[in-house]
Amino acid sequence: MLVLGYGNQTPHQSIQKGYIALNAIQRRHTRVSSGNSLSVSRFTPPDDFKLTVLTLELEFVKKGTKSEQIDAVALSSQLKKRFINQVMTAGHRVSFEYLGTNYIFTVNQAVRSEESSSVERGMISSETYFIFEAPSGNGIKIVNQRSATTSNIFKYKEFNLQSLGVGGLGAEFADIFRRAFASRVFPAHVTNKLGIKHVKGMLVYGPPGTGKTLMACQIGKMLNGKDPKIVNGPEVLSKFVGETEKNVRDLFADAENDQRLPGDESELHVTIFDEIDAICKSRGSTRDGTGVHDSIVNQLLTKDLIDEALLRPGRLEVQIEISLPDENGRIQILQIHTNKMKESSFLAPDVNLQALAARTKNYSGAELEGVVKSAVSFALNGQLSLDDLTKPVDEESIKVTMDDFLRALHEIVPAFGASTDDLERCRLHGMVDCGD
Ligand SMILES: Nc1ncnc2c1ncn2[C@@H]1O[C@H](COP(=O)(O)OP(=O)(O)OP(=O)(O)O)[C@@H](O)[C@H]1O
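Residues numbered from 1 in each chain as written. Predicted model: local features only at pLDDT ≥ 70, side-chain atom pairs only at ≥ 80, totals over all residues. Heavy atoms only, no water.

### Focus: the environment of Val-318
For the record, the criterion: Each helix corresponds to a stretch of at least 4 residues labelled H or I by DSSP, and each strand to a stretch of at least 2 residues labelled E; elements are numbered beginning at the N terminus. Only protein chains enter the calculation, and the probe is 1.4 Å; a residue is then buried if its accessible area is under 20% of its type maximum, exposed if over 50%, and partly exposed in between.
Following the sequence through the fold, Val-318 ends up in strand β13 (residues 318–321). For Val-318, a relative accessible area of 3% corresponds to the buried category. Put simply, Val-318 and Val-204 are 114 residues apart on the chain and 8.4 Å apart in space, counted from C-alpha to C-alpha.

### With respect to the site of the ligand
Heads up, the rule is: It suffices for a single heavy atom of a residue to lie within 4 Å of a molecule or strand for the residue to be listed as near it. Within 3.5 Å is the distance limit for a polar contact, defined as a pair of N or O atoms, with the added protein rule that one can donate a hydrogen and the other accept it, and that residues adjacent in sequence qualify only through two side-chain atoms. The accessible surface values rely on the Shrake-Rupley method and a 1.4 Å probe; as for residues, cover is taken only from the protein chains in view. Domain limits in this description derive from either an automatic procedure or a database domain assignment.
Close contacts around the ligand come from 17 residues, with Gly-167, Gly-209, Lys-212, Thr-213 and Glu-369 the closest. One of the side-chain N or O atoms of His-337 is found 3.0 Å from a nitrogen atom in the ligand. Against a free-state accessible area of 630 Å², the protein chains account for coverage of 78% of the ligand. A domain-level breakdown of the shell around the ligand finds at least three residues from each of domain 2 (162–321) and domain 3 (327–426).

### Side note on the packing of helix α13 (residues 365–383) against helix α14 (residues 402–411)
Rules: Inter-axis angles, ranging from 0 to 180 degrees, are taken between N-to-C directions of lines fitted to C-alpha atoms, where helices are fitted over the stretch in contact. Reported orientations rely on four angle classes, namely roughly parallel under 35 degrees, roughly antiparallel over 145, roughly perpendicular from 65 to 115, and oblique for the rest. What makes a crossing left-handed is the near helix being turned counterclockwise from the far one by less than a right angle; a clockwise turn instead makes it right-handed. Residue contacts are defined here by distance: any two heavy atoms, one from each residue, within 4.5 Å place the two residues in contact. Three residue categories are used. Nonpolar comprises Ala, Val, Leu, Ile, Met, Phe, Trp, Tyr, Cys and Pro, charged comprises Asp, Glu, Lys and Arg, and polar comprises the others, including Gly.
Look at α13 against α14: their axes get within 8 Å of each other, and the N-to-C directions meet at 125°. Of the possible angle classes, the one that applies to α13 and α14 is oblique. For α13 against α14, the interelement crossing comes out right-handed. Counting all contacts with α13, which are made through Val-371, Val-372, Ser-374, Ala-375, Phe-378 and Ala-379, the residues of α14 involved are Asp-404, Phe-405, Arg-407, Ala-408, Leu-409 and Glu-411. Taken together, the residues of the contact of α13 with α14 sort by class into eight nonpolar, one polar and three charged.

### What about the pattern of salt bridges?
Where we set the bar: The salt bridge definition used is simple: a Lys or Arg side-chain nitrogen within 4 Å of an Asp or Glu carboxyl oxygen.
Taken as a whole and assessed by the stated rule, the structure comprises four salt bridges. With a closest N to O distance of 2.9 Å, Arg-93 and Glu-59 form a salt bridge. Placement of Arg-93 in strand β4 (residues 93–98) and of Glu-59 in strand β1 (residues 53–60) is noted, with a sequence separation of 34 residues between them. A salt bridge links Asp-254 to Lys-229, with the nearest nitrogen and oxygen atoms 3.6 Å apart. Linking Asp-254 in helix α9 (residues 253–260) with Lys-229 in strand β10 (residues 229–232), this pair joins segments that are 25 residues apart in sequence. Judged by its relative accessible area of 26%, Lys-229 falls in the partly exposed class. Where salt bridges share partners, they join Glu-59, Lys-63 and Arg-93 into one cluster.

The quantities given are spatial measurements derived from coordinates; they are silent on function.
The following block contains the structure:
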């Protein structure tokens, strides 16, 4: 039997020579019982045996109603001190004490480097990054996880899309984050060991007015680094031969200079191309000149319009589709665009955003914004007298009502598909049962 770095290596006075003491968790993990005979050999760690990332799931030893908040930074440093040079394997369970409470951690992931063997096993070193997980409902809340692992890619710890004015795109953002930014959360020495190359280009596509540009700009603003460059595709187009390519190359010149001088330490450069289909339909337009630290977020209706060569790894390798918002998304978008009038009491209490969301199937974010604007125009118009436009307006009495919104729904209709309203009209007498 091979015992991999279990427990404390100093012999305890009550353990006789030739005996090994294992606690209950260790016995369970090694599948031995008290009194079993074991043969033990010394384990010499091979080169490159240090763990890069160790993901641990935490639980209380005594399960109950207790709840604790655990600071990931503080726990990482304590576990590092306590278990430095210890070998951890996926599935390994270890008990430990932290601030007077007994916990067990289970190793969910033990990552060395990309080249290492498929066995998830390695030694904790001073450079190992700990990621803590706690299943919901087990009473353990992990805080400060980001500080324990990040290289401060985002300006703020919390990232709430809705408070940035983007509604209904939480799932898409989670996808974008996982595929383009998660690797950047770790410091360069960790990603180098994992053999990861950061994603440099991303294509965001989908129907018009769904918030592609809005989300790209908001993400760009939240990232630490240079201010994002926002470029409109047609703006860089030139009728002169070679001039469009030069315009695109010029956009990346700063990023390339940075990559040449500070290298991996250079700041993140973000370039957002709006309406990129204008310049990428033909081969070769942006083929070269993309610096390592560039992120390109582009958007267009369908990715079929784009030159296939640009969708290969290293170019616009991540492609995210943004579709029309679902009902929950529509509620969020309507909330965003009515927030100000609600705060200043211009929104009548009878306005039911949930009901409006249910009636606006197939509306894009931009169209929902249009509905709000149209409702406001009905409300304001009600206050004006066309006979005398100089008559003072009573600010207090301005109220945007549900009726204004319902009128707006007739004025703003979705470009794609039909709204629920139209469908309702088609089934005036309800569903007709036509049998199986
Ligand atoms: N998901 C959303 N949440 C909040 N507002 C939205 C959303 N989608 C669109 N809007 C509103 O519509 C405006 C236009 O949307 P935006 O330009 O981001 O859409 P797009 O998908 O980039 O469209 P296009 O493909 O036509 O360029 C935004 O500035 C915003 O006011």
